[in-house]
Amino acid sequence: MLAKPAEQTPLIACRAVALLHQAGVPEGALHLLPGDGPTVGAPLTSDPRVDGVCFTGSTEVAQIINRSMAQHLAPTAPLIAETGGLNAMIVDSTALPEQAVRDIIASAFQSAGQRCSALRMLYVQEDIADRLLEMLFGAMEELCLGNPWDLATDIGPTIDAEAKAGIDTHIAAMEAEGRILKRLTVPDGGHFVPPTVVSLGGIADLEREIFGPILHVATFAAHEIDQVIADINATGYGLTFGLHTRIDDRVQQIIGQIRAGNAYVNRNQIGAIVGSQPFGGEGLSGTGPKAGGPGYLTRFLRPGSYGEETPATQTLPGPTGESNRLSHAPRGHILCLGPEAGRLADIARAAGNTAEERSTARPEDLAGDFDAVACLLDPDTLRPLRQSLAARDGAILPLITEPDPARFVLERHVCIDTTAAGGNAQLLAASSDP
């Protein structure tokens, strides 16, 4: 294993690798290779001796890596990418405002917003928006910005000057449009960015992920909630999603529609716990399988080395008062190619997908809309297919080269704070119909 950290974090990576060696991982099995992307990252992801890549970072860099792998690595080499997200939260009129504000603050501003899971777009039902935003702005005033070594500090600086400059540019653009609702002051020195709340018409106005302590806010009417969900899904990102409501059937309604790898109900949407909340997105937010989940390890094994088939829905351990459920969802439409297209199509359909069969396996067969391609042929035939898929814009589409049912599904996790009903069990069981 070759561990290549982000160029901004070599010291913590060095310490992590040293601890792994100290814990018994052989030094010959784990090597640290610090450096920047062009010098170290690019040669690694284009070296045919590399058997697979696991990457955490931006969607754009993941696409570059995918194309490099398609050109140089074996066509069966796995890419596990966990990328960014335009992560949203919906707060309806039944939510407990104190809990919602607490979780908004943590989700949007903890770690200076430098988490891939962080809240970027908040939708508040218009009936409670004024009061909730007043409470949010008051809570922001209590935040302490400063040196992270100080235990009194709530928010530290951004990682470097380049990151700060990009976020500052976005804030300046929003200020020029008169969209700033709240902005804190920052300490002198350092790469501090002020926690800021920005008004938008909706998530469609957010063209890219702003990786910092910037919260975008929009309001919605009660009858518009289905359209809000559709707008969130339409971004193509699907990492984390948050919901605050005390109506149980609304939880089922929204979670059943949202396309996100990790959904959180009545709690913050950051800080996934290995074993309780396996983490990872879909679409533009990653390839799966989820880190810390039951399907993760087997993705690093050679084809044919499958683990035991996992149930469609699993209840995972967690603290008292929290429900954690991992489930499978179909990928969508699977294009099955080659002489064994029928066999692959049967596996795809058994997992809930639709499937299209073609007896040939050529790049020109990759026409139309589909969510994955499956083919069981030799590497020389698979390579141009992998290259053609990698050349596409948008989400990274998988080339499934093994008859493993786990490769035909997406993993989705739902975490619910079951103590957040505020003592009103009747309200939780009530209908969300007007």
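Whatever comes next refers back to the structure up there.
Every chain is numbered on its own, with residues counted from 1 as its sequence reads. This being a predicted model, a pLDDT of at least 70 is required before a residue's local features are given, and a value of 80 or more before pairs of side-chain atoms are given or counted; all residues contribute to the totals for chains, interfaces and linings. The side-chain quantities take in all heavy atoms of the structure and omit both hydrogens and water.

We count a stretch as a helix when DSSP gives it H or I for four or more residues in a row; a strand needs E for two or more, and each element gets its number in order from the N terminus. Counting secondary structure elements, the protein chain contains 11 helices and 20 strands. Within these notes, the globule rule equals 2.2 Å times the number of residues to the 0.38 power, and the radius of gyration is based on C-alpha atoms. Computed over C-alpha atoms, the radius of gyration of the protein chain comes to 23 Å, within 12% of the 22 Å expected from 2.2 N^0.38 for 434 residues, which places it in the range of a compact globule. Along the first, second and third principal axes, the C-alpha set of the protein chain runs to 60 × 50 × 45 Å. When burial is assessed residue by residue, the protein chain has 49% of its 434 residues classed as buried. Contacts between residues were defined by any pair of non-hydrogen atoms, one from each residue, lying within 4.5 Å. For the protein chain, long-range pairs separated by at least 24 residues make up 68% of all intrachain contacts whose partners lie at least 6 apart in sequence. Split by element, the accessible area of the protein chain, about 20100 Å² in all, is 54% carbon and sulfur. Positive charge is attributed to Lys and Arg, negative charge to Asp and Glu, and no charge count is given to His or to the chain ends. In plain terms, the charge of a residue is placed at NZ if it is Lys, CZ if Arg, CG if Asp and CD if Glu. Looking at charge distribution, the protein chain has the averaged site of its 31 positive side-chain charges lying 4 Å from that of its 52 negative ones. Here the term buried applies to any residue with accessible area under 20% of the maximum for its type, exposed to any over 50%, and partly exposed to those in between, with areas from a 1.4 Å probe on protein chains only. Working definition of accessibility: Shrake-Rupley area with a 1.4 Å probe, residue cover restricted to the visible protein chains.

The subject of this paragraph is unusual backbone geometry. The omega torsion across Gly288 and Pro289 is -5 degrees, close enough to zero to call that bond cis. With respect to the helices and strands, the residue Pro289 is situated in the loop between strand E13 (282–283) and strand E14 (313–315). One non-glycine residue with positive phi stands out, namely Ser111, at about 60 degrees. Within the secondary structure layout, Ser111 lies in the loop between helix H4 (97–109) and strand E6 (121–125). Even without a glycine there, the phi angle at Ala112 is positive, about 55 degrees. Locating Ala112 in the fold gives a position in the loop between H4 and E6.

Buried residues of nine kinds, namely Ala, Val, Leu, Ile, Met, Phe, Trp, Tyr and Cys, make up a nonpolar core once their side-chain atoms join them within 4.5 Å. One finds Ile90, Tyr123, Ile232 and Phe241 to be the most contacted residues of the largest nonpolar core, which totals 34 residues. Once residues within four sequence positions are removed from consideration, Ile232 is found in contact with Ala88, Ile90, Tyr123, Ile203, Tyr237, Phe241 and Ile258. Listed in part, the 29 residues of the second largest apolar core include Ile105, Phe137, Met140 and Val217.

What follows deals with the pairing of strand E4 (residues 79–82). Burial of the side chains of E4 extends over both faces: Leu79 and Ala81 are buried on one face and Ile80 and Glu82 on the other. Any two strands between which DSSP finds at least two bridges are classified as paired. Bridge analysis of strand E3 (residues 53–56) against E4 gives 4 bridges, and the strand direction is parallel. In the sheet register, Phe55 faces E4, and the bridge partner there is Ala81. Seen with its strands pointing away from the viewer, a crossover is right-handed if its path from the first strand over the helix to the second goes clockwise. Considered for its hand, the β-α-β crossover made up of E3, helix H3 (residues 59–72) and E4 is right-handed.

Turning our attention to the sheet that holds strand E7 (residues 180–183). Strand order in the open sheet made by the 10 strands is E7-E8-E9-E6-E5-E11-E12-E20-E15-E14, with mixed pairing throughout. Edge positions in the sheet fall to E7 and E14, since each of these pairs with one other strand and no more. This sheet shows a mean twist of 20 degrees between the axes of neighbouring strands, independent of strand direction. Across 3 bridges, E14 lies against strand E15 (residues 322–330) in antiparallel orientation. Within the sheet, the bridge partner assigned to Thr313 lies in E15 and is Ser327. Lying on the sheet, helix H7 (residues 225–234) is in contact with strand E5 (88–91), E6, strand E9 (214–220) and strand E11 (240–244); it crosses E5 at an angle near 170 degrees. Where helices are involved, their axes are fitted lines through C-alpha atoms of the stretch in contact, as for all axes, and angles between N-to-C directions lie from 0 to 180°. On the sheet, helix H8 (residues 248–257) packs against E6, E11, strand E12 (262–265) and strand E20 (409–417) and is oriented at approximately 160 degrees with respect to E11.

Next up on the list: the sheet that holds strand E16 (residues 333–337). Taken in spatial order, the 4 strands make up an open sheet running E17-E16-E18-E19, and their pairing is parallel. One side of each edge strand has no neighbouring strand; the edge strands of this open sheet are strand E17 (354–358) and strand E19 (399–400). As judged from the 2 bridges shared by strand E18 (residues 372–375) and E19, these two strands associate in the parallel manner. From the neighbouring strand, Ala374 faces E19, where its bridge partner is Ile400. Helix-sheet contacts for helix H9 (residues 341–350) involve E16, E17 and E18, and the interaxial angle to E17 is about 175 degrees.

Now for the pattern of salt bridges. Each salt bridge in this description consists of a side-chain nitrogen of Lys or Arg and a carboxyl oxygen of Asp or Glu lying within 4 Å of one another. Going through the model one piece at a time under the given rule, you end up with 19 salt bridges. In this structure, the salt-bridge partner of Asp47 is Arg49, at a minimum N-O distance of 2.8 Å. Taking the shortest distance from any N to any O, the salt bridge between Arg362 and Asp365 comes out at 3.0 Å. Judged by its relative accessible area of 40%, Arg362 is partly exposed. On the basis of relative accessibility, which here comes to 7%, the residue Asp365 falls in the buried class.

Helix-helix packing: each pair is described by the crossing angle between the helix axes and the interaxial distance. Between H3 and helix H10 (residues 379–390), the least distance of the axes is 9 Å, while the angle of their chain directions is 160 degrees. On the basis of the axis angle, H3 is roughly antiparallel to H10. In this structure, the crossing between H3 and H10 has a hand that is left-handed. Mapping the contact onto sequence places Asn66, Arg67, Met69, Ala70, Gln71 and His72 in H3 and Arg383, Arg386, Gln387 and Ala390 in H10. The class makeup of the residues in the contact of H3 with H10 is 3 nonpolar, 4 polar and 3 charged. Under this scheme an angle from 65 to 115 degrees is roughly perpendicular, one under 35 degrees roughly parallel, and one over 145 degrees roughly antiparallel; angles in between are oblique. Rotating anticlockwise by less than a right angle from the far helix to the near helix defines a left-handed crossing, while the corresponding clockwise rotation defines a right-handed one. Throughout, the ten residues Ala, Val, Leu, Ile, Met, Phe, Trp, Tyr, Cys and Pro are labelled nonpolar, Asp, Glu, Lys and Arg are labelled charged, and all others, Gly among them, are labelled polar.

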